[in-house]
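Reading the structure
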Amino acid sequence: MKHGRKIVKLQRKQDHRDALLMNLTCSLIEHRRIRTTLAKAKALRPYAEKLVTLGKRGTLHARRTALSSLRHKDMVKKLFEEIAVASKDRVGGYTRITKLGQRRSDSAPMAYIEWVDAYVPKVAAAPETEAAAEPAAEDAAPKKKAPAKKKAAPKKKAAEAAAAE
């Protein structure tokens, strides 16, 4: 019987598999969406979603537990401050897997895995409004350029001069 044997092995030993999932999770946190094989995406989903659940707790113990899994302080910070905050109203299902078809070289099924709640990094709102107002004023009175003058090819002149001599 296969009770309690749910883990996907991905044809790797445990240390290699743990390192692979840690690197895939860090890439997912950093880039918001990654392209990988379907088997790796399915193996990554529970690993990443458990980390988001830790991020939603927000305690020091949860942060240290996530750090022991990810081993990158900046990724843990991004997980707790951006991804977990964006998913605070969701009870589960933080990731989405979109199938892409087969890879050309070896026909492996490929997929995108991404966060369902796309988070937007904090950006100052005041500079955007000022920057948006300036181009609008410039667009009101566009400057017209004079048409470009055509130049004769230098090879023709040199050929004509040689023929005239």
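Read on for a plain summary of the structure. (Residues numbered from 1 in each chain as written. Predicted model: local features only at pLDDT ≥ 70, side-chain atom pairs only at ≥ 80, totals over all residues. Heavy atoms only, no water.)

**Description of the packing of helix 2 (residues 38-57) against helix 4 (residues 73-86)**
- Running from N to C, helix 2 and helix 4 point in directions that differ by 95°, and their axes come no closer than 8 Å. The orientation of helix 2 relative to helix 4 falls into the category roughly perpendicular. Contacts between helix 2 and helix 4 involve Leu 51, Val 52, Leu 54, Gly 55 and Lys 56 from the first element and Leu 79, Phe 80, Ile 83 and Ala 84 from the second.
- When grouped by side-chain class, the residues that make up the contact of helix 2 with helix 4 number seven nonpolar, one polar and one charged. (Axes fitted to C-alpha atoms, helices over the stretch in contact; angles between N-to-C directions. Helix = DSSP H or I, 4+ residues; strand = E, 2+ residues; numbered from the N terminus. Parallel < 35°, antiparallel > 145°, perpendicular 65-115°, else oblique. Contact = heavy atoms within 4.5 Å. Nonpolar A, V, L, I, M, F, W, Y, C, P; charged D, E, K, R; others polar.)

**Brief notes about the side chain of Thr 95**
- Following the sequence through the fold, Thr 95 ends up in strand 2 (residues 95-102).
- At 3.4 Å, the side chain of Thr 95 forms a polar contact with the side chain of Arg 45.
- Discounting residues that sit within four places of it in the chain, Thr 95 has contacts with Leu 28, Arg 45, Ala 48, Glu 49, Ile 113, Glu 114, Trp 115 and Val 116. (Polar contact = N/O pair within 3.5 Å; in protein donor to acceptor, adjacent residues only side chain to side chain.)

**Here's the deal with the sheet that holds strand 3 (residues 109-115)**
- On the basis of which strands lie adjacent, the open sheet formed by three strands has the order 1-3-2 and antiparallel pairing. The open sheet is flanked by strand 1 (33-37) and strand 2, the only strands paired with a single partner. Strand-to-strand twist in this sheet, taken as the mean axis angle between neighbours without regard to direction, amounts to 25°.
- Packing of helix 1 (residues 14-31) onto the sheet brings it into contact with strand 1, strand 2 and strand 3, and relative to strand 1 it is tilted by some 145°. (Pairing = 2+ DSSP bridges.)

**Some remarks on the packing of helix 1 against helix 2**
- Taken N-terminus to C-terminus, the directions of helix 1 and helix 2 make an angle of 70°; their axes are 10 Å apart at the nearest point. Considering their axes alone, helix 1 and helix 2 lie roughly perpendicular with respect to each other. Two secondary-structure elements touch here, helix 1 through Leu 20, Leu 21, Met 22, Leu 24, Thr 25 and Leu 28 and helix 2 through Lys 40, Ala 43, Leu 44, Tyr 47, Ala 48 and Leu 51.
- The class makeup of the residues in the contact of helix 1 with helix 2 is 10 nonpolar, one polar and one charged.

**Considering the nonpolar core**
- If you look at the biggest cluster of nonpolar residues, it comprises 27 residues, and the most contacted ones within it are Leu 28, Ile 29, Leu 44, Ala 66, Leu 70, Leu 79 and Trp 115.
- Elements with a contribution of two residues or more to this core: helix 1, helix 2, helix 3 (60-70), helix 4 and strand 3.
- Residue contacts for Leu 79: discarding those within four places in its chain leaves Ile 29, Leu 51, Val 52, Ala 66, Leu 70 and Ala 84. (Core = buried A, V, L, I, M, F, W, Y, C linked by side-chain atoms within 4.5 Å. Buried < 20%, exposed > 50% of the residue type's maximum accessible area, 1.4 Å probe, protein only.)

**Notes on the pattern of salt bridges**
- Under the counting rule described, the total for this entry stands at three salt bridges.
- The residue Arg 103 makes a salt bridge to Asp 106 at a minimum N-O spacing of 2.9 Å.
- A relative accessible area of 31% means that Arg 103 is categorised as partly exposed. (Salt bridge = Lys/Arg side-chain N within 4 Å of Asp/Glu carboxyl O.)

**Comments concerning unusual backbone geometry**
- Backbone geometry places Arg 32, a non-glycine residue, at a positive phi of 70°.
- As for its position among the elements, Arg 32 is in the loop between helix 1 and strand 1.
- The class for Arg 32 is partly exposed, based on a relative accessible area of 34%.

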